[in-house]
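# Working through the structure, step by step
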Amino acid sequence: MALLKQSYCVAGRFSTNHLWLSPRLVSHVYTSCLTTAPKSSADKEGRKKELQRQDGPGLQDFISGELSEKSKWAEYRGNLKRQKGERLRLPPWLKTEIPIGKNYNRLKSTLRDLNLHTVCEEARCPNIGECWGGGEYATATATIMLMGDTCTRGCRFCSVKTARQPPPLDPDEPYNTAKAIAAWGLDYVVLTSVDRDDIADGGAEHFAKTVSSLKERNPHILVECLTPDFRGDLAAVEKIALSGLDVYAHNVETVRELQRYVRDPRANFDQSLSVLKHAKKVKPSVLTKTSIMLGLGESDQQIVNTMTELREAGVDCLTLGQYMQPTKRHLKVEEYVPPEKFAYWEKVGNDMGFVYTASGPLVRSSYKAGEFFLKNLLKRRKAEITAAE
């Protein structure tokens, strides 16, 4: 597969799972600019052979994937921590395959026909080809973004477009979403949304209707909702928590110390914790889940402290992924965290008692939701409850 060098956003609700790739994915193709052009086919062939003899990677190296083989990651000598005035180069473990395949094209077509949006596209997720195409487990997953593609907030890590007054909600969206998912035949779906501070309940009722529509069509489908903070409105949180969902997710995005630097001023760590706590309070059986971006300048101790607070708040599942700068207007990447450090944080999370910790450069809050762990965990829990009855 050809490999892309990409700009995308990370692990937040739209960042990021939430690195994220979209139709606005920026693909960089590097070519040699010649001052003189060969004048014949023989000259062209000779020039081609000359270029092939030169040291350095050619197009075939990228097509073959050799530049991103895991065995060569340790050989990478580029800077991983940003110096003043520097823009870090993308390390090899963050290069991904071009999204192709019948399932990918089918999902994309269905979305366009029904005027639906996905966080996979809007927030530029690099895993889109793997998730939509089915990947290793042959089960396609997609994260549907409700309430339009325009957010009322402007977090400094996120590529989703913003406005004070986005277009009104589409009243048919809950029905269309359920219809699309039924057509795909999914057994696990993730619903998320932009922030809609322009709506009284933040769109909680719209969210809840979508979950209800899904469950009416297929009572066995597992639904994860990755929600906004609703400005701390716990009644809105409760409405969604009791809508029939299976996983309540809300992302704290970064460590406590970097909240004001990274997120919109209307968001904060304690407000996000209150959302996760209340969801668990009103529905103890629900799994709660959050995500943290790494590479924004946080220290190891700050990560440990944040994970500790999350665990003490009763959060069940945690994902950690690499922050990627979506455009030059957004926060720069301060550090590319190597895969072995992500593996370390996964162990720390498991040792702390999280039911599920996913940690890796390309992990996002809703990455491969059906394949990772939660689907089997939820089914096992439901089977245990049925047996106990």
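Structural data are supplied above this passage.
Residues numbered from 1 in each chain as written. Predicted model: local features only at pLDDT ≥ 70, side-chain atom pairs only at ≥ 80, totals over all residues. Heavy atoms only, no water.

Here the focus is the overall build of the protein. Along the protein, the regular secondary structure elements total 14 helices and 12 strands. Split into buried and exposed, the 389 residues of the protein put 53% on the buried side. Counting only carbon and sulfur atoms, one obtains 51% of the accessible surface of the protein, whose full area is about 18000 Å². (Helix = DSSP H or I, 4+ residues; strand = E, 2+ residues; numbered from the N terminus. Buried < 20%, exposed > 50% of the residue type's maximum accessible area, 1.4 Å probe, protein only. Areas by Shrake-Rupley, 256 points an atom, 1.4 Å probe, with all protein chains shown as cover.)

Bringing the pairing of strand S10 (residues 287-294) into the picture now. Burial of S10 is extensive: 8 of the 8 residues sit out of reach of the surface. Every second residue of S10 is oriented toward a common face, with Leu-287, Lys-289, Ser-291 and Met-293 on one face and Thr-288, Thr-290, Ile-292 and Leu-294 on the other, all of them buried. The pairing of strand S9 (residues 247-249) with S10 spans 3 bridges and is parallel. Paired with Val-247 across the two strands is Leu-287, which belongs to S10. Direction of pairing for S10 relative to strand S11 (residues 317-322): parallel, over a ladder of 6 bridges. By the bridge assignment for S11, Ile-292 is matched with Leu-320. This β-α-β element, S10 to helix H11 (residues 300-312) to S11, shows right-handed connectivity. (Pairing = 2+ DSSP bridges. Right-handed = clockwise from strand over helix to strand, strands pointing away.)

Attention shifts here to the environment of Arg-260. Along the chain, Arg-260 falls in helix H9 (residues 259-262). With relative accessibility at 65%, the residue Arg-260 sits in the exposed group. Note: C-alpha distance between Arg-260 and Cys-155 (105 residues apart in sequence) is 9.5 Å. A polar contact of 3.5 Å, which involves the side chain of Arg-260, links it to the backbone oxygen of Pro-265. (Polar contact = N/O pair within 3.5 Å; in protein donor to acceptor, adjacent residues only side chain to side chain.)

For the rest of this paragraph, the subject is the nonpolar core. By size, the foremost hydrophobic cluster in this structure holds 63 residues, and its most contacted members are Leu-191, Tyr-248 and Leu-310. In terms of residues, this core owes the most to one element, helix H10 (residues 269-282), which gives 5 residues. The contact partners of Leu-310, leaving out residues within four places of it in the chain, are Val-252, Phe-269, Leu-273, Thr-290, Ile-292, Val-315, Leu-318 and Phe-354. Judged by nonpolar contacts, the second largest core, of 12 residues, contains Leu-222, Leu-287, Leu-374 and Leu-378. (Core = buried A, V, L, I, M, F, W, Y, C linked by side-chain atoms within 4.5 Å. Contact = heavy atoms within 4.5 Å.)

Applying the stated rule across the entire model yields 17 salt bridges. For Lys-161, the salt bridge goes to Asp-149, with nearest N and O atoms at 3.4 Å. Remark: Asp-149 occurs in the loop between strand S4 (143-146) and strand S5 (150-151) and Lys-161 occurs in strand S6 (residues 161-162); sequence separation between them is 12 residues. Taking the shortest distance from any N to any O, the salt bridge between Asp-246 and Lys-215 comes out at 3.0 Å. Of this pair, Asp-246 sits in the loop between helix H8 (234-241) and S9 while Lys-215 sits in helix H7 (residues 204-217), and the two are 31 residues apart along the sequence. Within the structure, one salt-bridge network assembled from shared partners comprises Arg-153, Asp-195, Asp-197, Asp-229, Arg-231, Asp-264 and Arg-266. (Salt bridge = Lys/Arg side-chain N within 4 Å of Asp/Glu carboxyl O.)

Turning to the packing of aromatic side chains, a few remarks are in order. Enumeration over the complete set of coordinates arrives at 1 aromatic pair. Both rings, one in Tyr-344 and one in Trp-345, keep their centres 4.9 Å apart while their planes meet at 65°; by these two values the pair is edge-to-face. Residue class for Trp-345 comes out buried when judged on its relative accessible area of 1%. Here the guanidinium or amino end of Arg-311 rests over the ring plane of Phe-354, the centre of that ring lying 5.6 Å away. (Phe/Tyr/Trp six-rings, centres within 6.5 Å; stacked < 30°, edge-to-face > 60°. Lys NZ or Arg CZ within 6 Å of the ring centre and 35° of its normal.)

For the rest of this paragraph, the subject is the packing of H11 against helix H12 (residues 339-352). Interaxial distance between H11 and H12 falls to 11 Å at its minimum, and their mutual angle equals 35°. Taken as a pair, H11 and H12 cross one another with a handedness that is right-handed. Residues Asp-300, Ile-303, Val-304, Met-307, Thr-308 and Arg-311 of H11 form the contact with H12, whose own contacting residues are Lys-341, Trp-345, Val-348, Gly-349 and Met-352. Here the contact of H11 with H12 is composed, by residue class, of 6 nonpolar, 2 polar and 3 charged. (Axes fitted to C-alpha atoms, helices over the stretch in contact; angles between N-to-C directions. Left-handed = near helix turned anticlockwise from the far one by under 90°. Nonpolar A, V, L, I, M, F, W, Y, C, P; charged D, E, K, R; others polar.)

Before going further, it helps to examine H10. Each turn of an α-helix holds 3.6 residues, which means side chains three or four residues apart point in the same direction. Taking 1.5 Å as the rise per residue, H10 with 14 residues should run 20 Å; its terminal C-alpha atoms sit 20 Å apart, in good agreement. Regarding H10, the residues found buried are Phe-269, Gln-271, Ser-272, Leu-273, Val-275, Leu-276, His-278, Ala-279 and Lys-280. Those residues of H10 hidden inside the fold are in contact with H8, S9, H9, S10 and H11. Near the N-terminus of H10, the side chain that reaches the backbone nitrogen of Asp-270, with its oxygen 3.2 Å away, is that of Asn-268. (Expected span 1.5 Å × (residues − 1).)

As a further point, take the environment of Val-286. Turning to its location among the elements, Val-286 is positioned in the loop between H10 and S10. Looking at Val-286, the relative accessible area reads 1%, which means it is buried. Along the primary structure Val-286 and Tyr-248 are separated by 38 residues, whereas in three dimensions their C-alpha atoms are 6.7 Å apart. When sequence neighbours within four positions are dropped, the list of residues in contact with Val-286 reads Leu-245, Asp-246, Val-247, Tyr-248, Ala-279, Lys-280 and Asp-316.

Taking 1.5 Å per residue, 12 residues should reach 16 Å; helix H6 (residues 173-184) reaches 16 Å between its end C-alpha atoms and fits that length. Along H6, the positions that sit buried rather than exposed are Glu-173, Pro-174, Asn-176, Thr-177, Ala-178, Ala-180, Ile-181 and Trp-184. Note on H6: the residue one or two positions beyond its end, Gly-185, has a positive phi of about 75°.

The next thing to look at is the side chain of Asp-149. Taking relative accessible area as the criterion, Asp-149 reaches 16% and is therefore assigned buried. Separated by 3.4 Å, the side chains of Asp-149 and Lys-161 make a polar contact.

Nothing here speaks to function; it is all geometry.
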